[in-house]
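Read off the chains here:
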Amino acid sequence: MSYLQNVLTQIETKYSYQPEFLQAVREVFESLEPVITKNEKLYEQEAILERITEPDRQIQFRVPWVDDSGKMRVNTGYRIQFNNAIGPYKGGLRLHPSVNLSVIKFLGFEQVFKNSLTGLPMGGGKGGSDFDPKGKSDREVMAFCQSFMTELYKYIGADEDVPAGDIGTGAREIGYLYGQYKRITGLYEGVLTGKGLSYGGSLVRTQATGYGLLYLVDELLKDHGSGLDGKTVTVSGAGNVAIYAAEKAQQLGGKVVTLSDSTGWIYDKDGVDLALVKDIKEVRRARLSEYKAAKPSADYHEGRGVWTIKTDIALPCATQNELLLDDAKELVKNGVQAVCEGANMPTTIEATKYLQENGVLFVPGKASNAGGVATSGLEMSQNSERLSWSFEEVDAKLKGIMTGIYKNIAAAAEEYGMKGNYVAGANIAGFSKVVNAMLAQGAV
Ligand code: NDP
Ligand code: 2IT
């Protein structure tokens, strides 16, 4: 059995109860075959695959908080510090009832490669809790965030581990978390990113993941002789990533016709009205069904169904495993040209293979959604030098990073004889930098 296969079997046995983590590992390992084969002896000797799949540490803790009725509630908090070979741990905090160790571990593992691809000095980590901010009052969210940080602060710091937003964690939550960190430690430092502009946040961070996704899509299409102008775009999700992906797609001349949330989805043949969506989602924190109430010419459906709509470009921007094999078949039947992931691992392995085998341009999230964490890296730089850069400056840097990522993953795929396989390109390019640093740093 090859070294790679051997390690994969060990991980599959040891972590058989962590399906999302195993899915992420399988996808990466499959791509790495040619790289590992080339360096098999060295990597086996140095236990590179064993070390890169085992987090530096996993922190799990109780988060007690008191709800508005005066009752004590308890959630589980997590922070997984996965790998800091190339910089301090960096990655978001997810607040969603589906959060468990497997989910945070898969996200942390992906983050290591993604952060490497940005070219910035950031290691990988991820955290969160099974707390559901939905339906909670601002006071309850604050109580949770303060309790969560009262434990988390021991493990993080501007040069150690820098959390940020993810599903369920936006500007409100980051504000409460930052306030509590500052209160406990007395430090005014860049320990979190996605902060408000008045207390160390960066311009463009709110838009960064969505805008970055579209900068990469634009580059991809240009490389294949077309562009976004006049293209139909379907987007899933209606959160931070989806909204700003839709906004930049519209700015680049695309027509965005769908969005979704966990309850249902909208189809607006005239192109979605983003001012209305922002009011519903960002201001009122309401359901997407409100869209139909305000704009009766649009369709609203309960459940899932975004991928049944005929489109040129499909952008899954909600959550993991939301684009399944049947969806991929439907998209191919309807002539989709490109599928680029705004979310982390939204496409299953079977669906990804089907899209690739049918000539669809497919870019995995660790490359295409890296604009968020890249701009977090730029926020860290601004915090360190105690300066803030203009919108234009940060936006130009973000665009440069996304263009660079596309070129880098395309070149890596080609170098290993897999031209156009951006999954392989992203995994190989992300892996190489981290491994070189690990080899140089010895047995740590
Ligand atoms: P938000 O919380 O802002 O939005 C998430 C959206 O996805 C909401 O519309 C939500 O619906 C929907 N959603 C979440 N979970 C589910 C589920 N289990 N089933 C169906 N719909 C669901 O999160 P973000 O936009 O920040 O994150 C979206 C994705 O992008 C995630 O995969 C995240 O990891 C990834 N990502 C985020 C980055 C960032 O900077 N924020 C950076 C890179 C990747 P509802 O409102 O009903 O809950
Ligand atoms: O998945 C991700 O890259 C994020 N949620 C953003 C992480 C960050 O540190 O900005």
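Whatever comes next refers back to the structure up there.
What comes next is a walk through the structure. Everything numeric here is computed off the predicted structure, so don't read it as measured data. (Residues numbered from 1 in each chain as written. Chains lettered and ligands numbered in written order. Predicted model: local features only at pLDDT ≥ 70, side-chain atom pairs only at ≥ 80, totals over all residues. Heavy atoms only, no water.)

Each full turn of the α-helix corresponds to 3.6 residues, which orients residues three or four apart in the same direction. Between its first and last C-alpha atoms helix H16 (residues 391-415) spans 36 Å; for 25 residues at 1.5 Å apiece the expected length is 36 Å, and the two agree. Where the residues of H16 are buried, they touch helix H5 (101-117), helix H8 (208-223), strand E12 (361-363), helix H14 (365-368), helix H15 (371-385) and helix H17 (422-441). Looking at the residues trailing H16, positive phi occurs at Gly 417, about 75°. (Helix = DSSP H or I, 4+ residues; strand = E, 2+ residues; numbered from the N terminus. Expected span 1.5 Å × (residues − 1). Contact = heavy atoms within 4.5 Å.)

Take the site of ligand 1 next. Ligand 1 sits among 26 residues. The nearest are Lys 134, Asp 166, Thr 209, Ser 262 and Asn 344. One nitrogen or oxygen atom from the side chain of Arg 94 is found 2.9 Å from an oxygen atom belonging to ligand 1. When ligand 1 sits alone it has 900 Å² of accessible area, and the protein chains cover 83% of it. Residues belonging to the shell around ligand 1 are distributed by class as follows: 6 nonpolar, 12 polar and 8 charged. (Near = heavy atom within 4 Å. Polar contact = N/O pair within 3.5 Å; in protein donor to acceptor, adjacent residues only side chain to side chain. Areas by Shrake-Rupley, 256 points an atom, 1.4 Å probe, with all protein chains shown as cover. Nonpolar A, V, L, I, M, F, W, Y, C, P; charged D, E, K, R; others polar.)

To continue, consider the site of ligand 2. Taken together, 14 residues form the shell around ligand 2, and within it Lys 90, Lys 114, Asp 166, Arg 205 and Ser 376 come nearest. Interatomic distance of 2.7 Å between a side-chain N/O atom of Lys 90 and an oxygen atom of ligand 2. Arg 205 is positioned with one of its side-chain polar atoms (N or O) 2.9 Å from an oxygen atom of ligand 2. Relative to its free-state accessible area of 300 Å², ligand 2 is covered by the protein chains to the extent of 93%. Among the elements of the structure, strand E3 (89-95), H5 and H15 are those that each provide at least two residues to the shell around ligand 2. When its residues are assigned to classes, the shell around ligand 2 shows 2 nonpolar, 7 polar and 5 charged.

With that settled, the discussion passes to the sheet that holds strand E6 (residues 232-236). Pairing between the strands of a sheet is mediated by backbone hydrogen bonds and can be parallel or antiparallel. Ordered by their spatial adjacency, 7 strands build an open sheet running E9-E8-E7-E6-E10-E11-E12, and the pairing between neighbours is mixed. The sheet is open, and its two edges are formed by strand E9 (299-302) and E12, each paired on a single side. With direction set aside, neighbouring strand axes in the sheet form an average angle of 15°. (Pairing = 2+ DSSP bridges. Axes fitted to C-alpha atoms, helices over the stretch in contact; angles between N-to-C directions.)

Below, the discussion takes up helix H12 (residues 325-333). All buried positions along H12 are accounted for by Asp 327, Ala 328 and Leu 331. Down the axis of H12, the buried set is contained in an arc of 100°. They therefore lie on one face. Every exposed residue of H12 that faces more than 90 degrees away from the buried side is listed here: Asp 326 and Lys 333. The positive-phi residue at the C-terminal boundary of H12 is Gly 335, with phi of around 80°. (Buried < 20%, exposed > 50% of the residue type's maximum accessible area, 1.4 Å probe, protein only. Arc of directions from axis to C-beta.)

Between helix H2 (residues 19-38) and H17, the shortest axis-to-axis distance is 9 Å and the interhelical angle comes to 70°. As summarised for this structure, H2 and H17 are arranged roughly perpendicular, according to the angle between their axes. Seen along the crossing, H2 lies across H17 with a hand that is right-handed. Mapping the contact onto sequence places Glu 27, Val 28, Ser 31, Leu 32, Val 35 and Ile 36 in H2 and Val 423, Ala 424, Asn 427, Ile 428 and Phe 431 in H17. Grouping the amino acids of the contact of H2 with H17 by side-chain chemistry returns 8 nonpolar, 2 polar and 1 charged. (Parallel < 35°, antiparallel > 145°, perpendicular 65-115°, else oblique. Left-handed = near helix turned anticlockwise from the far one by under 90°.)

As a further point, take a nonpolar patch on the surface. Residues Val 66, Met 72 and Val 74 make up a contiguous nonpolar surface patch of about 260 Å² in total accessible area. Relative to the assigned elements, Val 74 resides in strand E2 (residues 72-83). (Patch = residues over 30% accessible without salt bridge, like charges linked within 9 Å, V, L, I, M, F, W, Y side chains within 5 Å. Salt bridge = Lys/Arg side-chain N within 4 Å of Asp/Glu carboxyl O.)

If you look at the biggest cluster of nonpolar residues, it comprises 102 residues, and the most contacted ones within it are Phe 29, Val 217, Leu 259, Leu 315, Ile 405 and Phe 431. A per-element tally of this core places H17 first, with 10 residues. If we ignore the near neighbours within four places in the chain, the residues touching Ile 405 are Leu 117, Thr 118, Leu 216, Ala 367 and Ala 370. One finds Ile 59, Ala 143, Cys 145 and Ile 156 within the second-largest nonpolar core, a separate group that totals 22 residues. (Core = buried A, V, L, I, M, F, W, Y, C linked by side-chain atoms within 4.5 Å.)

You can see Leu 378 is positioned in helix H15. Not counting the four nearest positions on each side in its chain, Leu 378 is found in contact with Leu 120, Trp 389, Val 394, Lys 397 and Leu 398.

Taken as a whole and assessed by the stated rule, the structure comprises 16 aromatic pairs. Pairing Phe 21 with Phe 109 gives two aromatic rings, centres 5.9 Å apart and planes at 85°, and the pair type is edge-to-face. Of this pair, Phe 21 sits in helix H2 while Phe 109 is found in helix H5, placing the two residues 88 residues apart along the sequence. The pair Phe 21 / Phe 109 is uniform in exposure class, with both members buried. Look at Tyr 43 and Phe 431: their rings are 6.0 Å apart centre to centre, the planes differ by 75°, and that puts the pair in the edge-to-face class. (Phe/Tyr/Trp six-rings, centres within 6.5 Å; stacked < 30°, edge-to-face > 60°.)

Of all 5 residues in E6, 4 are buried; the element is thus mostly enclosed. Note that E6 and strand E7 (residues 255-260) share 3 bridges and pair parallel. By the bridge assignment for E7, Val 233 is matched with Val 256. Crossover connection from E6 via helix H9 (residues 240-251) to parallel E7: handedness right-handed. Sheet analysis places E6 next to strand E10 (residues 313-316), joined by 4 bridges and oriented parallel. The residue of E10 that forms the bridge with Ser 236 is Pro 316. (Right-handed = clockwise from strand over helix to strand, strands pointing away.)

This part takes up the side chain of Thr 53. With respect to the secondary-structure elements, Thr 53 resides in the loop between helix H4 (48-52) and strand E1 (57-66). Among the polar contacts made by the side chain of Thr 53, one reaches the main-chain carbonyl oxygen of Glu 50 at a distance of 3.2 Å. The residues contacting Thr 53, other than those within four sequence positions of it, are Ile 11, Phe 21, Val 25, Phe 29, Phe 82 and Phe 109.

On to the pairing of E7, then. The buried count for E7 comes to 5 of 6 residues, which makes it a mostly enclosed element. Sheet topology note: the E7/strand E8 (residues 264-267) ladder contains 3 bridges and is antiparallel. Across the sheet, residue Thr 258 finds its bridge partner in E8, namely Tyr 267. Between E7 and the antiparallel strand that follows it, E8, lie 3 residues.

By themselves, these observations are geometric and do not establish any function.
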